[in-house]
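Given next are the chains, with one letter for each unit.
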Amino acid sequence: MQTLNRFLIESSIHMPLYNIIQFIITPAKELSRKINIAGLEDILGEAEATNVQGEEQKKLDVYANDEFIKSLNECTHCAAMISEETEVIIPTQYPNAEYIVAFDPVDGSSNIDVNVSIGTIFSVFKRKSTSGPVTEDDCLQAGSNQLAAGYIIYGSSTILVMTTGQGVHSFTLEPHVGKFYLSDTNIKTPLDGNIYSLNEGNYIKFPEGVKKYLKYCQENDKETNRPYSSRYIGSMVADFHRNLKKGGIFIYPNTEKDPNGKLRILYECNPMSFLIEQAGGKASNGSQRMLEVVPTSIHQRTPIFVGSTNMVNKATSFMEQFGTKTS
Ligand code: AHG
């Protein structure tokens, strides 16, 4: 079995990226251990605080955020961090370093208390300026500038899925040894799938294009294998992971309640879009390639359509035809 470290070294990864990945997986391993014994530790439930998005924080959100920040603060190549749980850019003790890491420490918080898969998402890119404290302008870049991205899914096993622009590879944590081992190389997502994942409870608030696409997914048609199956876990990492392996589409559109969508560009949509493109799939905000969107603020949200290329093409063609307007 090949360890993650050996794999990275043999694929001649740029040393700073190798280093940054180490500082991400170290707290992830400890987080995985805590999640596995969550009911026995005081980490379930609400933290009785809200984050910058006005969302209630879980104890695990706060714990994980602190651990990733603590770890990356020690990484000589990381100048600053952006986290879902922290309003401002978080400088490290190496402000002149070259790289920025954006992360969602615990994606799918609402699933923490009920023993359902959750994840950590990360994205690594270079700052624009060359020295001094990282500014907002340094962070506001298109996702196509990412150098590495991935997620750790804490499910029936803990798996790291990542890309550095040379395909998508996954590594399974062997908890007794405390190491990630290569478990799948060069993952390709099917061009077509028969799974759609979105929160159908929001149907009434969806844009017309999504409503029409949803009806299309539910129609009877032997040739295209419809009706498709509906699968929605409510942790993007878990929904994405299943669709990546089986083929499918994940959609979180703009809704009447969230006119700009719910998910964040820098630490949720960009990394997933980089991964899906590397796996031969596609990601769009409904009208534009996700990786070309340049955010104007670090916590900016976006609608997202991500998954099998033919499904994303079909869904976005419905968006073009019927529009993004919600009723
Ligand atoms: P968070 O990171 O705050 O836990 O948000 C979870 C995200 C994403 O993982 C999931 O797909 C989506 O929010 C679920 O939202 P709904 O409950 O609105 O469907």
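Residue indices begin from 1 for each chain and proceed along its sequence in written order. Only residues with pLDDT of at least 70 are given local features in this predicted model, and only at 80 or more are side-chain atom pairs given and counted; all residues enter the totals for whole chains, interfaces and linings. Hydrogens are left out, water is left out, and the side-chain values use all remaining heavy atoms of the structure.

In this section: helix α8 (residues 309-322). In this text, helices come from DSSP runs of H or I with a minimum length of four residues, and strands from runs of E with a minimum of two, each type numbered from the N-terminal end. A helix is expected to reach a length of 1.5 Å times the quantity of its residues less one. Compared with an ideal rise of 1.5 Å per residue, which puts 14 residues at 20 Å, α8 spans 20 Å between its outermost C-alpha atoms and is within 8% of the ideal. The classification of residues rests on relative accessible area computed with a 1.4 Å probe and restricted to protein chains. Under 20% of the type maximum is buried, over 50% is exposed, and intermediate values are partly exposed. All of the buried residues along α8 are T309, M311, V312, A315, T316, F318 and M319. Any two residues whose heavy atoms approach within 4.5 Å are treated as being in contact. On the buried face of α8, the contacting elements are β11 (195-197), α5 (208-218), β13 (249-252), β15 (282-284) and β17 (304-307). Phi turns positive, to about 90°, at G323, one or two residues after α8.

This part is about the packing of aromatic side chains. Any pair of aromatic rings gets described here by the distance separating the centres and the angle formed by the planes. Whether two aromatic rings pair depends on their centres lying within 6.5 Å, for rings of Phe, Tyr and Trp, where Trp uses its six-membered ring; planes under 30 degrees apart make the pair stacked, over 60 edge-to-face, and the rest tilted. Within the structure shown, the criterion is met by ten aromatic pairs. With a centroid separation of 6.0 Å and 25° between ring planes, the pair formed by F318 and F322 is classed as stacked. With a gap of four residues between them, F318 and F322 both fall in helix α8, about one helical turn apart. Ring-over charges, as used throughout, are those where CZ of Arg or NZ of Lys falls within 6 Å of the ring centre and within 35 degrees of the ring normal. It is K211 that lies over the ring of Y203; its NZ or CZ is 5.6 Å from the centre. The ring of F322 carries the charged tip of K212 above its face, separated from the ring centre by 5.0 Å.

Strands sit in the order β4-β3-β5-β6-β7-β8-β9-β10 across an open sheet of eight strands; the sheet is mixed. Each having just a single partner strand, β4 (90-91) and β10 (179-184) make up the two edges of the open sheet. For two strands to be treated as a pair, DSSP must find no fewer than two bridges joining them. Two elements, strand β3 (residues 78-83) and β4, share two bridges in a ladder whose sense is antiparallel. Looking across to β4, one finds that A80 is bridged to P91. Against the sheet, helix α3 (residues 59-72) touches β3, β4, β5 (99-107), β6 (118-126) and β7 (146-154), its axis set at about 160° to β5. Running over the sheet, helix α6 (residues 236-246) touches β5, β6, β7, β8 (158-163) and β10 and is turned about 100° from β7. To obtain an axis, a line is fitted to C-alpha atoms, over the contacting stretch when the element is a helix, and the angle between two such axes runs from 0 to 180 degrees between their N-to-C directions.

Below, the discussion takes up unusual backbone geometry. Among all residues except glycine, the phi angle is most often negative; among peptide bonds, the trans geometry is most common. Looking along the chain, the bond that leaves R226 and enters P227 is cis, with omega of 5°. Tracing the chain through its elements places P227 in the loop between α5 and β12 (229-230). For N115, which is not a glycine, the phi torsion comes out positive at approximately 60°. If you trace the backbone, N115 turns up in the loop between β5 and β6. The phi angle at N225 is positive, at roughly 65°, despite the residue not being glycine. Positionally, N225 belongs in the loop between α5 and β12.

It is worth spelling out the side chain of R264 at this point. Inspection of the secondary structure assignment puts R264 in strand β14 (residues 263-264). Look at R264 and you get buried, because its relative accessible area is 2%. Contacts described as polar in this section are N or O atom pairs within 3.5 Å, which, within protein, must combine one atom able to donate a hydrogen with one able to accept it, while residues neighboring in sequence count only if both atoms come from side chains. Side chain to side chain, R264 and E84 meet in a polar contact 2.6 Å long. Polar contacts involving the side chain of R264 include one to the main-chain carbonyl oxygen of K262, which spans 3.3 Å. Setting aside chain neighbours within four positions, we find R264 in contact with Q53, E55, E84, C269, H299, Q300 and R301.

What makes a nonpolar core is a set of buried Ala, Val, Leu, Ile, Met, Phe, Trp, Tyr and Cys residues whose side-chain atoms join them at distances within 4.5 Å. By size, the foremost hydrophobic cluster in this structure holds 41 residues, and its most contacted members are L4, L31, L60 and L160. No other element matches helix α2 (residues 15-36), which puts nine residues into this core. The residues touching L31, leaving out its near neighbours within four places in the chain, are L60, Y63, A64, F68, P105, V106, T120 and Y154. With 26 residues, the next largest nonpolar core counts I153, V161, I187 and I304 among its residues.

What follows concerns the packing of α2 against α3. Helix-helix packing is described using two parameters, namely the angle between the two axes and the distance between the axes. Relative orientation of the contacting elements α2 and α3 amounts to 150°, with a least axis distance of 9 Å. On the basis of the axis angle, α2 is roughly antiparallel to α3. Classified by chirality, the crossing of α3 by α2 is right-handed. Listed contacts from α3 to I20, F23, I24, P27, A28, E30, L31, K34 and I35 of α2 are L60, Y63, A64, E67, F68, S71 and L72. Residues were grouped as follows: Ala, Val, Leu, Ile, Met, Phe, Trp, Tyr, Cys and Pro as nonpolar; Asp, Glu, Lys and Arg as charged; and all remaining residues, including Gly, as polar. Partitioned by chemical class, the residues of the contact of α2 with α3 number twelve nonpolar, one polar and three charged. For classification purposes, an angle smaller than 35 degrees is called roughly parallel, one larger than 145 roughly antiparallel, one from 65 to 115 roughly perpendicular, and anything else oblique. Each crossing gets its handedness from the near helix: less than a right angle anticlockwise from the far helix is left-handed, clockwise is right-handed.

Remark on secondary structure: sheet strands pair via backbone hydrogen bonds, oriented parallel or antiparallel. Taken together, five strands build an open sheet; the order of strands is β12-β11-β13-β17-β15 and the sheet is mixed. Each having just a single partner strand, β12 and β15 make up the two edges of the open sheet. Bridge count between β11 and β12: two bridges; the pairing is parallel. Considered in β12, the bridge of Y196 is made with S230. Along the sheet, α5 makes contact with β11, β13 and β17, crossing β11 at roughly 150°. Across the sheet, α8 is in contact with β11, β13, β15 and β17; its angle to β17 comes to roughly 155°.

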